[in-house]
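# Chains, contacts and geometry: an overview
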Amino acid sequence: MSLWDRTLNALGVRKSTGDVKLEDGRLVLRELARAKALPQEPKEPGPARMTECARCGGRMREIVFTTAGGGEQLEVWREYPLAVDGWVCAGCGNAVMPRHISLEESLEFGRRGAEHAGGGNFDDAEFWFRRIIGSWPNYPPGYADLGQLFMARSDAAKSADDKHRYRRDAAAWLRRAIDGDPERKLLPVRVTFARALALNGSEAEALAMLAALGQDAGLSESVRTEADQLAKDIGAGKALFARAVELAKDTVLEPPGKVLTAHARSALERARGLLRDAREREQNFATCWYLGKVELRLGDTKSAAIHLEEAHSLNPDQPDGCRELCLAYLELDRVQDALPMAQHALGLRPDDASLRSNLALVHLFIGDVNRALTEVRAALASEPNDKITAALARMIEDVSAGRRKRPRSMAEAKGRKR
């Protein structure tokens, strides 16, 4: 009987099921229920060496019991990430775990995990980090590695739901690391933990953590500076702003007239609440501008204009601030107010074809069709493949040639009811 067959027999698996696969020093469990029968973390440390099988006296071979793998296996890994070192007997297939890895192995696993994390290969990084906690019970630095890894996953995630889920996992690992660190050797981890807490909405706990950290005499100056800055940022509403952007970013840049799904509207309304709270703490361009964009997407154009005017007053030479205020004015039929905004935006960024198109549109609404034609042709020459500019150019050409009545507002230009 082959080692493969003996191992399957020892694990109670029939070869025909394909539930387990041996590859490159790993025994990959491909069936979720069977994988969950093995603990991700040992309660007690295992032996460091095992050369002879207690069952048959055969030679023991080091192996990693895991759910890691590509393709369909990736779904099993993400549902139940398992990576525990152990042995399998070459004679009878007897499987034993965990193996107590050496300090040198731990350092190497940590190095390889950090290398994968730095390259954005988060599942591979988690595999190496889990081998550490799968061997060493209650090991705070191992929990810290996983917590920081999940914060990196959160930062790289696209959707607000994924970001929140990864941050929740990060906070859980980091809390375990800190709870297991009574001698306070993992001080920098507390800053990461405070950031996770703040971004998950637990600002009071985050600030308390940072305040306690600031009293620690053993804190390095670089970590102290980082902690102080994070506390200031939380107090200024930056965590609120970050959460709002996560919620709104998928829809806030869409055209104002596009129909919102119930889910998208709910996310925008939650973002609006967070931004209003952030604005109460500190008025700055980013918060006011983004709040204006959210209000515009929710259809409250008057409120949008108010907040975009606030943003413009805080930074009058920010081209995007001028652009969005110009468009808000156009939605409100305040064409004369829109003109200086469009002109100033283009003056700040003269090579931006979209800003030149906006100016052409304003001139069209005012009635200066020739100037509108000049500006839109220049914009189209700069960006000949831009579909929005091309459509605007056709409309202005039609007005100039008498084929279409000149629109005086955004509603008329888009055929909407006023």
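Residues numbered from 1 in each chain as written. Predicted model: local features only at pLDDT ≥ 70, side-chain atom pairs only at ≥ 80, totals over all residues. Heavy atoms only, no water.

## Here's the deal with helix α11 (residues 238–248)
- Looking only at α11, the buried set comprises Ala239, Leu240, Ala244, Glu246, Leu247 and Ala248.
- Looking at the buried side of α11, the elements it contacts are α7 (160–179), α8 (187–199), α9 (203–214), α10 (221–235), α12 (262–281) and α13 (285–298). (Buried < 20%, exposed > 50% of the residue type's maximum accessible area, 1.4 Å probe, protein only. Helix = DSSP H or I, 4+ residues; strand = E, 2+ residues; numbered from the N terminus. Contact = heavy atoms within 4.5 Å.)

## Side note on the nonpolar core
- The biggest cluster of nonpolar side chains holds 55 residues, and the ones touching the most others in it are Val294, Leu330, Leu361, Val362, Leu364 and Ile396.
- Tyr143, Ala144, Leu149 and Ala196 belong to the second-largest nonpolar core, a separate cluster that totals 38 residues. (Core = buried A, V, L, I, M, F, W, Y, C linked by side-chain atoms within 4.5 Å.)

## Focus: the pattern of salt bridges
- The tally for this structure, following the rule as stated, stands at 39 salt bridges.
- Here glutamate 105 ties to arginine 99 by a salt bridge, and the two come within 3.0 Å at their closest N and O atoms.
- Residue classification places glutamate 105 among the partly exposed residues on the basis of a relative accessible area of 23%.
- Residue glutamate 254 pairs with arginine 297 through a salt bridge whose shortest N-O separation is 2.7 Å. Of the two residues, glutamate 254 is situated in the loop between α11 and α12 and arginine 297 in helix α13; the sequence distance between them amounts to 43 residues.
- Several salt bridges share partner residues, and in doing so they unite Glu62, Asp85, Arg99, Glu105 and Arg131 into one network. (Salt bridge = Lys/Arg side-chain N within 4 Å of Asp/Glu carboxyl O.)

## A word on helix α17 (residues 353–366)
- If you check α17, its first and last C-alpha atoms are 20 Å apart, about what 14 residues at 1.5 Å a residue would give, namely 20 Å.
- A large share of α17 lies buried, amounting to 11 of its 14 residues.
- Turning to α17, the residues buried within the fold contact α15 (319–331), α16 (335–348), α18 (369–382), α19 (387–400) and α20 (410–414).
- Glycine 367 sits one or two positions beyond α17 and adopts a positive phi of about 120 degrees. (Expected span 1.5 Å × (residues − 1).)

## Considerations on the sheet that holds strand β1 (residues 20–23)
- Here we have five strands laid out as an open sheet, ordered β1-β2-β3-β4-β5, and mixed in their pairing. Either end of the sheet is taken by a strand with one partner, and the two such strands are β1 and β5 (95–96).
- Sheet topology note: the strand β2 (residues 26–29)/strand β3 (residues 60–66) ladder contains three bridges and is parallel. Across the sheet, residue valine 28 finds its bridge partner in β3, namely threonine 66.
- Contacting β2, β3 and β4 (83–89), helix α5 (residues 122–133) runs over the sheet at an angle of about 70 degrees to β4. (Pairing = 2+ DSSP bridges. Axes fitted to C-alpha atoms, helices over the stretch in contact; angles between N-to-C directions.)

## What about the side chain of arginine 131?
- The topology assignment puts arginine 131 in helix α5.
- Judged by relative accessible area, which is 9%, arginine 131 ranks as buried.
- When neighbours within four sequence positions are excluded, arginine 131 is seen to be in contact with Val64, Ala83, Asp85, Arg99, Ile101 and Phe109.

## A closer look at the state of the cysteines
- This structure, assessed with the given rule, holds zero disulfides.
- Not engaged in a disulfide, the cysteine cysteine 92 finds its nearest cysteine sulfur in cysteine 56; these two sulfurs lie 3.7 Å apart. (Disulfide = S-S within 2.5 Å.)

## Side note on the packing of aromatic side chains
- By the definition in use, this model includes eight aromatic pairs.
- With 4.9 Å between their ring centres and 85 degrees between their planes, tryptophan 136 and tyrosine 139 make a pair best called edge-to-face.
- We classify tryptophan 136 as buried; its relative accessible area is 13%.
- We classify tyrosine 139 as partly exposed; its relative accessible area is 25%.
- In this structure an aromatic cluster arises from ring pairing among Phe241, Phe285, Trp289 and Tyr290.
- The ring of phenylalanine 127 has arginine 26 lying over it, and the distance from NZ or CZ to the ring centre is 5.9 Å.
- In this arrangement the basic side chain of arginine 165 is found over the ring face of tyrosine 166, its NZ or CZ atom lying 4.6 Å from the centre. (Phe/Tyr/Trp six-rings, centres within 6.5 Å; stacked < 30°, edge-to-face > 60°. Lys NZ or Arg CZ within 6 Å of the ring centre and 35° of its normal.)

## Observations concerning the pairing of β2
- Alternating residues of β2 divide into Arg26 and Val28 and Leu27 and Leu29, and every residue in both groups is buried.
- Note: β1 against β2, four bridges, orientation antiparallel. Its bridge partner lying in β2, valine 20 is registered against leucine 29.
- Counted along the chain from β1 to the antiparallel partner β2, the turn is two residues long, and its residue aspartate 24 has a positive phi close to 50 degrees.

## Some remarks on the environment of arginine 394
- In this fold, arginine 394 is placed in helix α19.
- The class of arginine 394 is exposed, set by a relative accessible area of 52%.
- With 263 residues separating them along the chain, arginine 394 and arginine 131 place their C-alpha atoms 63 Å apart.

## Remarks on the confidence of the model for the protein
- Predicted confidence across the protein gives a mean pLDDT of 93, with 95% of residues reaching 70 or more.
- Within the protein, the element-level pLDDT minimum falls on helix α1 (residues 3–11), averaging 49, and the maximum on α5, averaging 98.
- pLDDT under 50 marks residues 1–6. Its contacts with residues more than four places away, or in other chains, come to 14 contacts.
- Low pLDDT, under 50, characterises residues 12–17; the stretch is placed with nine contacts to residues that sit more than four places away or in other chains. (pLDDT = per-residue confidence, 0-100.)

## Details of the pairing of β4
- Counted residue by residue, β4 has seven buried out of seven residues, so it is predominantly covered.
- Here β4 shows a buried face lined by Ala83, Asp85, Trp87 and Cys89 and a second buried face lined by Val84, Gly86 and Val88.
- Both β3 and β4 contribute to a ladder of seven bridges, which runs antiparallel. For phenylalanine 65, the partnering residue across the bridge sits in β4 and is valine 84.
- Pairing geometry for β4 and β5, over two bridges, is antiparallel. Along β5, the bridge assignment pairs valine 88 with alanine 95.
- Between the antiparallel neighbours β4 and β5 lie five residues, among them glycine 93 with a positive phi of about 80 degrees.

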